[in-house]
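Structure assessment
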Amino acid sequence: MAFLLILLVIILVIAFKSIKIVKQAEVYVIERLGKFSKVADAGLTIIIPFFDHVRSVVSLKQQTMDVPPQGVITKDNVTITIDTVVFYQITDPAKAVYEIQSLKKGIEYLAITTIRDIIGKMDLDETFSSRDSINDQLRVVLDEATDRWGCKVDRVEIKDITPPADIRDAMEKEMNAERNKRALILESEAQRQSAIMIAEGKKQAAILEAEADKEARITRAAGEAQAIKEVADAKAKEIQMVYEAIKNANPDDKLVQLKSLEALEKVAEGEANKVFIPFEATSALSSLGAIKEVMKDDKK
């Protein structure tokens, strides 16, 4: 009975040692008698107790690693502190275990030396404006170097670039000066646009005023011309009426000349009328003077 109990315990221990359950997104690197045997994927795995040994449990998930902040010197001899994070994923678990003592340490040291090499070729201002370029260069170098370690570097991001305190103060002053400069430029531009718009408005107002004055003068001149024409037409009608009356009365020559002069007198009453008496009319005027004298003698 005791033997059976001992045998059952031994069977349970062997079963426990031989049956392994591998979780999802993990693999087991298994050695047999100290030599690499196989990589066990997720699920149930059977190994030989006392002969096989799980060397390492490797995660296949994408992993992140913070690189400690490093002080690096730029091309213009300014010491800055750079904080970096690396995103990587193990693609060959056997290489990740056997090709390097510590994969994380290898990535960290490689990232530090690469950052110093890249930043040492840049000026301070260029480091702030070239983060994407620095990230890409770091990723390419780390990916090529870690490929033989069964690792793929997917992404590298610079979290922070910290310059010295005196440099930060100088940069803040420069930034404030630049902002003030832009504000002054915008203000002067606004004033210039306002002056242009005011001048344009005055110009348009002057043009409209001149056009209105021109229209008023034209209208006034047309009215005066029409008034003159109407006066002239009225005078002409009066002369025509006198002429018709004389014609109907069948007058002699002396009466015709007298009535003509009376008509001319009425025509000449207007301020704008000027009458020119032809030379032939002087004989008629002398005859009228003689008639006037005769009539005075008769009255006496």
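Everything numeric here is computed off the predicted structure, so don't read it as measured data.

As a further point, take the sheet that holds strand 2 (residues 26-32). Sheet architecture is open: three strands sit in the order 3-2-5, paired in antiparallel fashion. The open sheet has two edge strands, strand 3 (35-40) and strand 5 (52-59), and neither has a second partner. Geometrically, the sheet is characterised by an average inter-axis angle of 25 degrees between neighbouring strands, direction not taken into account.

Here we take up the packing of aromatic side chains. Tallied over the entire structure, the rule returns one aromatic pair. On the basis of an interplanar angle of 75 degrees and a centroid distance of 5.8 Å, the ring pair of Phe-36 and Tyr-98 is categorised as edge-to-face. Placement of the pair is Phe-36 in strand 3 and Tyr-98 in helix 2 (residues 93-98), with a sequence separation of 62 residues. Here Phe-36 falls in the partly exposed class, since its relative accessible area comes to 37%.

Moving on, we get to the side chain of Thr-45. If you trace the backbone, Thr-45 turns up in strand 4 (residues 43-46). Not counting residues within four places of it along the chain, the set of residues in contact with Thr-45 comprises Ser-18, Ile-19, Lys-20, Val-22, Ile-30, Lys-38 and Ala-40.

So, on to the nonpolar core. Judged by nonpolar contacts, the single largest core of 34 residues is most densely connected at Ile-80, Ile-82 and Leu-103. Elements with a minimum of two residues in this core: strand 2, strand 6 (63-73), strand 7 (79-90), helix 2, helix 3 (103-119), helix 5 (131-146) and strand 8 (151-162). At eight residues, the largest contribution of residues to this core is made by helix 3. If near-sequence neighbours (up to four positions away) are discounted, Ile-82 is found in contact with Pro-68, Pro-69, Gln-70, Val-72, Ile-115, Ile-119, Ile-158, Asp-160 and Ile-161. Core analysis: the second largest hydrophobic core is formed by five residues, Val-22, Ile-30, Ala-40 and Ile-47 among them.

Let's shift gears to the pattern of salt bridges. Summed over the entire model, instances satisfying the criterion amount to ten salt bridges. The partner of Glu-178 in a salt bridge is Arg-182, with the nearest N and O atoms 3.9 Å apart. Of the two residues, Glu-178 and Arg-182 are both situated in helix 6 (residues 165-249); the distance of four residues between them amounts to about one turn of the helix. For Glu-189, the salt bridge goes to Arg-192, with nearest N and O atoms at 2.9 Å. Here Glu-189 and its partner Arg-192 are both found in helix 6, three residues apart, which amounts to about one turn of the helix. Accessibility expressed as a relative area gives 44% for Arg-192, which makes it partly exposed. One network of salt bridges, in which partners are shared, links Asp-66, Asp-83 and Lys-159.

On to the confidence of the model for the chain. Confidence along the chain averages 80 in pLDDT terms, with 80% of residues attaining 70 or more. Contacts from residues 288-292, a stretch scored under 50 in pLDDT, to residues over four places away or in other chains number four contacts.

This next bit is on the sheet that holds strand 7. In spatial order, the strands read 6-7-8; together these three strands make up an open sheet with antiparallel pairing. Each having just a single partner strand, strand 6 and strand 8 make up the two edges of the open sheet. Here the strands of the sheet are splayed against their neighbours by 25 degrees on average, with no regard to which way each runs. Relative to strand 8, strand 7 runs antiparallel, the two sharing ten bridges.

Okay, the pairing of strand 6 next. Sheet analysis places strand 6 next to strand 7, joined by nine bridges and oriented antiparallel. Looking across to strand 7, one finds that Ile-73 is bridged to Thr-79. Once strand 6 ends, the chain turns through five residues before running back antiparallel as strand 7, passing Asn-77 with a positive phi of about 60 degrees.

Not every positive phi belongs to a glycine, and Ala-25 is a case in point at roughly 70 degrees. Along the chain, Ala-25 falls in the loop between strand 1 (19-22) and strand 2.

On to the side chain of Asp-143. Structurally, Asp-143 can be placed in helix 5. Judged by relative accessible area, Asp-143 falls into the buried class, the value being 19%.

The residue Ile-115 is located in helix 3 in this model. Distance in space between the C-alpha atoms of Ile-115 and Gly-71 is 9.9 Å, their sequence separation being 44 residues. Setting aside residues no more than four positions away along its own chain, Ile-115 makes contact with Val-72, Ile-82, Thr-84 and Leu-138.

Calculation rules
- Residues numbered from 1 in each chain as written.
- Predicted model: local features only at pLDDT ≥ 70, side-chain atom pairs only at ≥ 80, totals over all residues.
- Heavy atoms only, no water.
- Pairing = 2+ DSSP bridges.
- Helix = DSSP H or I, 4+ residues; strand = E, 2+ residues; numbered from the N terminus.
- Axes fitted to C-alpha atoms, helices over the stretch in contact; angles between N-to-C directions.
- Phe/Tyr/Trp six-rings, centres within 6.5 Å; stacked < 30°, edge-to-face > 60°.
- Buried < 20%, exposed > 50% of the residue type's maximum accessible area, 1.4 Å probe, protein only.
- Contact = heavy atoms within 4.5 Å.
- Core = buried A, V, L, I, M, F, W, Y, C linked by side-chain atoms within 4.5 Å.
- Salt bridge = Lys/Arg side-chain N within 4 Å of Asp/Glu carboxyl O.
- pLDDT = per-residue confidence, 0-100.

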